Amino acid sequence: MADNYETFKKDYLQLSGLDLSSYKESQMKRRIDTFISKHTSEGYHAFLQMLKGSSDIYDKFITYLTINVSEFYRNPRQWQTLEEIVIPNLIKKFGHPLKVWSAACSTGDEPYSLAMVLGEFLPFNQFEILATDFDNEVLGKAIKGYYSDKSLKELPKKYRDKYIEDDGTGVVKVSDKLKSCIQFKQHNLLKDPYPKGMHLIVCRNVMIYFTEEAKDEIYHKFANSLHKEGVLFVGSTEQIIGSTKYNFKGIQSFFYERQ
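Right, let's walk through the structure included here. Residues take numbers from 1 onward in each chain, read along the sequence in its written order. Per-residue local features of the predicted model are confined to residues with pLDDT of at least 70, and side-chain atom pairs are confined, for both listing and counting, to 80 or more; whole-chain, interface and lining totals are unaffected and use all residues. With hydrogens and water stripped out, all remaining heavy atoms of the structure feed into the side-chain values.

### Considerations on the environment of Lys196
Only DSSP runs of H or I with at least four residues qualify as helices, and only runs of E with at least two residues qualify as strands; both kinds are numbered from the N terminus onward. Tracing the backbone shows Lys196 in the loop between strand E6 (182-186) and strand E7 (198-203). Between the C-alpha atoms of Lys196 and Lys99, which are 97 residues apart in sequence, the distance is 9.5 Å. Any two residues whose heavy atoms approach within 4.5 Å at even a single point are treated as in contact. Residue contacts for Lys196: discarding those within four places in its chain leaves Lys99, Asn224 and Ser225.

### Regarding the pattern of salt bridges
Each salt bridge in this description consists of a side-chain nitrogen of Lys or Arg and a carboxyl oxygen of Asp or Glu lying within 4 Å of one another. Summed over all chains, the structure comprises 16 salt bridges. Its salt-bridge partner being Lys173, residue Asp176 comes within 2.9 Å of it at the nearest N-O pair. Judged by relative accessible area, which is 49%, Asp176 ranks as partly exposed. The shortest N-O distance in the salt bridge between Glu212 and Lys215 comes to 3.2 Å. Remark: Lys215 and Glu212 occur in helix H10 (residues 212-225); sequence separation between them is three residues, near one turn of the helix. Only protein chains enter the accessibility calculation, which uses a 1.4 Å probe. A residue is then buried if its area is under 20% of the maximum for its type, exposed if over 50%, and partly exposed in between. The class of Lys215 is buried, set by a relative accessible area of 14%. Several salt bridges share partner residues, and in doing so they unite Glu6, Lys9 and Glu25 into one network.

### A short note on the sheet that holds E6
Two modes of strand pairing occur in sheets, parallel and antiparallel, and in both the strands are linked by backbone hydrogen bonds. Pairs of strands are assigned from DSSP output, requiring at least two bridges between the strands. Reading across from one edge, E6-E2-E1-E7-E8-E10-E9 is the order of the seven strands in this open sheet, with mixed pairing throughout. Pairing within the sheet leaves two strands with one partner each, and these edge strands are E6 and strand E9 (248-252). Each strand axis lies, on average, 25° off the axis of its neighbour in the sheet, ignoring direction. As judged from the three bridges shared by strand E8 (residues 226-234) and strand E10 (residues 255-258), these two strands associate in the antiparallel manner. To obtain each axis, a line is fitted to C-alpha atoms, and for helices this fit is confined to the stretch in contact; angles are then taken between N-to-C directions over 0 to 180 degrees.

### Some thoughts on the packing of helix H1 (residues 5-16) against helix H4 (residues 55-65)
Where H1 contacts H4, the axes come no closer than 13 Å and their chain directions differ by 110°. In terms of orientation, H1 lies roughly perpendicular with respect to H4. As H1 packs across H4, the resulting crossing turns out to be left-handed. Together, Phe8, Tyr12, Leu15 and Ser16 of H1 and Tyr58, Phe61, Ile62 and Leu65 of H4 make up the contact between the two elements. All amino acids are sorted into three groups, where Ala, Val, Leu, Ile, Met, Phe, Trp, Tyr, Cys and Pro are nonpolar, Asp, Glu, Lys and Arg are charged, and the leftover types, Gly among them, are polar. Within the contact of H1 with H4, the residues separate by chemical class into seven nonpolar, one polar and no charged. Working definition: roughly parallel below 35 degrees, roughly antiparallel above 145 degrees, roughly perpendicular at 65 to 115 degrees, and oblique for all remaining angles. Here a crossing is called left-handed whenever its near helix is offset anticlockwise from the far helix by less than a right angle, and right-handed whenever the offset is clockwise.

### Brief notes about the pairing of E9
Across four bridges, E9 lies against E10 in antiparallel orientation. Considered in E10, the bridge of Phe248 is made with Arg258. Where E9 folds back onto E10 in an antiparallel hairpin, the turn is made up of two residues, including Phe254, whose phi is positive at roughly 75°.

### Quick word on the environment of Phe255
Along the chain, Phe255 turns up in strand E10. Between the alpha carbons of Phe255 and Trp79 there is a distance of 11 Å; along the sequence they are 176 residues apart. In this structure Phe255 touches Gln78, Thr81, Leu82, Val86, Val231, Leu232, Phe233, Lys249 and Gly250, once residues within four positions along its chain are discounted.

This is how it looks when you write it as structure tokens:
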């Protein structure tokens, strides 16, 4: 690109509130350059003007940047640990209402999976799920609750039979019952205040895109967001090195308890 990427990052932060400097640069810059090349050959400055002038391009760029890859019950063995060990222990410690945060929830596959699992232990009015993402477009999809049948390939049959409406067209709908315990809300992990008193935070397959400095800040904020002895559930490539400095103790693979 002919003009300056550093200037683009600063200008884009002012425009959107999304700090591109907190993402791994080589990975993010390559993605951005690919997107820009499909929309203009004039460089970063011209593209920024395009973002300011087109809400459609602006929304598409946000969705493209935030890397929305999700599916129900992703990495089943980890969900089984959540179901068989972690949730029973949380209920034993905290009772109800159980407060859960699905951070960077993308299209909603994760919070709906959480609601299904929690519904095995508690009535739907005895737990609360806050589901957040920076991208309003994917939050809109999550609220509607329609999904490709392929995104449910790992979901156990007991949940599919109970909570999924399937008319055989290849597009399925989650039961409205699941929506009753989930609040969808826009949230920027790098900027906005974090909720307090959470018993379980689920943030998976997101931290891999951030710089080490951004990760450090976010893990500290997650710890402060959790109730003492609350649990953080991370993705399968996101083991926390030096978790004690964030006041976390590993209790199962990919599960960390706040001390």
